[in-house]
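Spelled out from the first residue to the last, the chains are:
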Amino acid sequence: MSAATSESYDSGFTSEAPTGSNVRWFVCALLFMATTINYMDRSVFSFIEPLLHNAPFMGWNFAADAHHQPVFDNNFGNVIIYFQIAYGIGFLLAGRIIDKLGTKTGYALAILIWGAASMSHSLVTSVMGFCIARVFLGLGECGNFPAAIKATTEWFPAKERAKAVGIFNSGSNVSFFIAPLLITFVTSRWGWRSAFLATGSMGMVWLVLWLSFPYNKLRRGSTTTQRNLEPVVAGGSVLGKILTNRGTYAFAIGKGLTDGVWWFYLFYLPQFLNRNYGLDLSHAYWFIVTVYVISSVGSIGGGTLSGWLMGRGHSVNSGRKIAMLLMAVCVLPLVFVPHMGTLFPNNPWPATLLIALAAAAHQGWSANLFSTPTDMFPSTAVSTVVGIGGAAGAAGGAGFTWVVKHNLSLHPLLVFEMAAGAYLVSLLIFQVLVPRLGAPSEPELPLSAA
């Protein structure tokens, strides 16, 4: 591959905003808000899990103990898997659609679909109803990351991209500060159905802000690195070029092997705390918040680390991969979580802190992994590559959820061992497929100045 990253100049777009314009950080704030809402909408189902014990159609057996609920666990897991499958299938289309429509229109369409789907959960009366609502939620939510990553290529230079990704991706953590409080408040007054209305409506508010912002008029123009990356997809079908590029598969495998671990935290942390330590949502709140506060530090810190290394003479290749290696090592202590219940049966903090460290490392890993498509492809192809990787991540997430739903209660060590080792395996495969990522850094100048 040639240069480190890229910017795309689409016909009709102006480049009035200079590279150093602080407007890019306002765009990052919008991406942060959208990601926060995205994760609030998808996590509602896990937060109301204890309340669903009282929904007869979910199959909770009050005569059995919490660790032996095969019907409920199967139904709960299946609803999650339906979301993940739809999320993955949607990714295959969403990235290409966003590359065709452009970031502003594509992002608006995505949040309109997922916001409406989120609110539709309030109407369900069966497991199948939940599954259908989750399918449409997945088809909308899959547009968030292809659009957000594309936006970072259009607004941020190479050294800032992983940092920008880390900042907006920390919205996935911030959602867990807000969502438990909001959901506890509304469900205590109006029941579990109100939770979906409360979070889904926030997407509509964001949509108004996004459509009001003159995105296309203010985004910066092409750079020399964009010009150097254009040959990657030149000379034929863009999709064909992407599918024959080893970088696509390196990114997709990385997502496929590690995304499921994040899904595990997202969907099963409240259940883990409830079943192992007897904590309902209100009493688990500070443990959940701790995990995601520390995750935010990992997201921003891990994303900043690769840029810091590049600023001190490291290439894009070594900067990204050193940061990813450090994050992969920090996940390894996760294997000790199943032993914490035996060593500290009445104290959830040791297990919580180990999960928090692993979650923070995942977010730092993710900030850098998400940046690698911008190191390998021009921005005209970035959303498509991210979409393919997202589909692989969703498929991997569905597979890992299948393992979790059958083993977490009775064989937790298997689950945590798989989660702990996934990152080192992913990085090894990435290194084999893409031994040289990007190119020696060069000034990212607008073409008019090149």
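Residues numbered from 1 in each chain as written. Predicted model: local features only at pLDDT ≥ 70, side-chain atom pairs only at ≥ 80, totals over all residues. Heavy atoms only, no water.

(A) Structural view of the overall build of the protein. Helix and strand content of the protein: 18 helices and zero strands. Considering the protein as a whole, with its 450 residues, one finds that 60% of them fall into the buried category. Contacts in the protein between residues far apart in sequence, at least 24 positions, make up 85% of those at least 6 positions apart. Surface summary for the protein: the accessible area is close to 16,300 Å², and the carbon and sulfur share equals 69%. (Helix = DSSP H or I, 4+ residues; strand = E, 2+ residues; numbered from the N terminus. Buried < 20%, exposed > 50% of the residue type's maximum accessible area, 1.4 Å probe, protein only. Contact = heavy atoms within 4.5 Å. Areas by Shrake-Rupley, 256 points an atom, 1.4 Å probe, with all protein chains shown as cover.)

(B) Representation of the pattern of salt bridges in the model. Per the stated rule, a full pass over the model turns up eight salt bridges. Between Glu141 and Arg42 there is a salt bridge; the shortest N-O distance is 2.9 Å. Of the two residues, Glu141 sits in helix α4 (residues 127-141) while Arg42 sits in helix α1 (residues 23-47), which places them 99 residues apart along the sequence. Taking the shortest distance from any N to any O, the salt bridge between Asp99 and Arg96 comes out at 3.9 Å. (Salt bridge = Lys/Arg side-chain N within 4 Å of Asp/Glu carboxyl O.)

(C) Here's a closer look at the nonpolar core. Counting residues in each nonpolar core, the largest one holds 127 residues, and the members touching the most others are Tyr265 and Leu334. Looking at which domains feed residues into this core, each of domain 1 (21-60 + 70-157 + 171-224) and domain 2 (237-437) supplies at least three. (Core = buried A, V, L, I, M, F, W, Y, C linked by side-chain atoms within 4.5 Å. Domains from an automatic or database assignment.)

(D) Region of interest: the packing of aromatic side chains. For the structure shown, the criterion picks out 39 aromatic pairs. When the ring centre of Tyr39 is taken as origin, the NZ or CZ atom of Arg42, which lies over that ring, is 4.1 Å away. One Lys or Arg, Arg134, reaches over the ring of Phe83 and ends 5.1 Å from the middle of that ring. (Phe/Tyr/Trp six-rings, centres within 6.5 Å; stacked < 30°, edge-to-face > 60°. Lys NZ or Arg CZ within 6 Å of the ring centre and 35° of its normal.)

(E) Up close: the environment of Asn144. Its place among the elements puts Asn144 in helix α5 (residues 144-155). Residue Asn144 is classed as buried on the basis of its relative accessible area of 0%. Filtering out sequence-adjacent residues up to four positions away, Asn144 remains in contact with Ala34, Thr35, Asn38, Tyr107 and Trp114.

(F) Quick look at the packing of α1 against helix α12 (residues 246-277). Relative orientation of the contacting elements α1 and α12 amounts to 45°, with a least axis distance of 7 Å. One element, α1, and the other, α12, form an angle in the oblique class. Across the interface between the two elements, Tyr39, Arg42, Ser43, Ser46 and Phe47 from α1 touch Trp262, Trp263, Leu266, Phe267 and Pro270 from α12. Its residues assigned to classes, the contact of α1 with α12 comprises seven nonpolar, two polar and one charged. (Axes fitted to C-alpha atoms, helices over the stretch in contact; angles between N-to-C directions. Parallel < 35°, antiparallel > 145°, perpendicular 65-115°, else oblique. Nonpolar A, V, L, I, M, F, W, Y, C, P; charged D, E, K, R; others polar.)

(G) Up close: the packing of helix α14 (residues 316-331) against helix α18 (residues 412-433). The geometry of α14 relative to α18 is characterised by a closest axis approach of 7 Å and an angle of 155° between their N-to-C directions. It follows that α14 is roughly antiparallel to α18 by the angle criterion. Here the hand of the crossing between α14 and α18 comes out left-handed. Contacts between α14 and α18 involve Lys321, Met324, Leu325, Ala328 and Val331 from the former and Ala419, Ala420, Tyr423, Leu424, Leu427, Phe430 and Gln431 from the latter. (Left-handed = near helix turned anticlockwise from the far one by under 90°.)

(H) Representation of the side chain of Asn169 within the structure. Mapping Asn169 onto the fold places it in helix α6 (residues 158-169). In terms of polar contacts, Asn169 uses its side chain to reach the side chain of Gln363, at 3.4 Å. Those residues in contact with Asn169, other than ones at most four positions away along the chain, are Thr35, Phe145, Ser299, Gln363 and Ser366. (Polar contact = N/O pair within 3.5 Å; in protein donor to acceptor, adjacent residues only side chain to side chain.)

(I) Main features of α1. Look at α1: 35 Å from first C-alpha to last across 25 residues, which is about the 36 Å you get at 1.5 Å a residue. At Asp41, α1 shows its largest bend, some 30°. Burial analysis of α1 places 19 of its 25 residues in the buried class, which makes it a mostly covered element. (Expected span 1.5 Å × (residues − 1). Bend = angle between axes of the 7 residues up to and from the residue.)

(J) Expanded view of the environment of Gly311. Within the element layout of this structure, Gly311 appears in helix α13 (residues 281-311). Between the C-alpha atoms of Gly311 and Lys159, which are 152 residues apart in sequence, the distance is 7.4 Å.

(K) Looking closely at the confidence of the model for the protein. On average, the protein scores 84 in pLDDT, and the residues at 70 or more come to 89%. This stretch, residues 1-20, has a pLDDT under 50; its non-local contacts, to residues over four places away or in other chains, come to 80 contacts. Predicted confidence is poor over residues 439-450, with pLDDT under 50, and the contacts of this stretch with residues over four places away or in other chains come to 33 contacts. (pLDDT = per-residue confidence, 0-100.)

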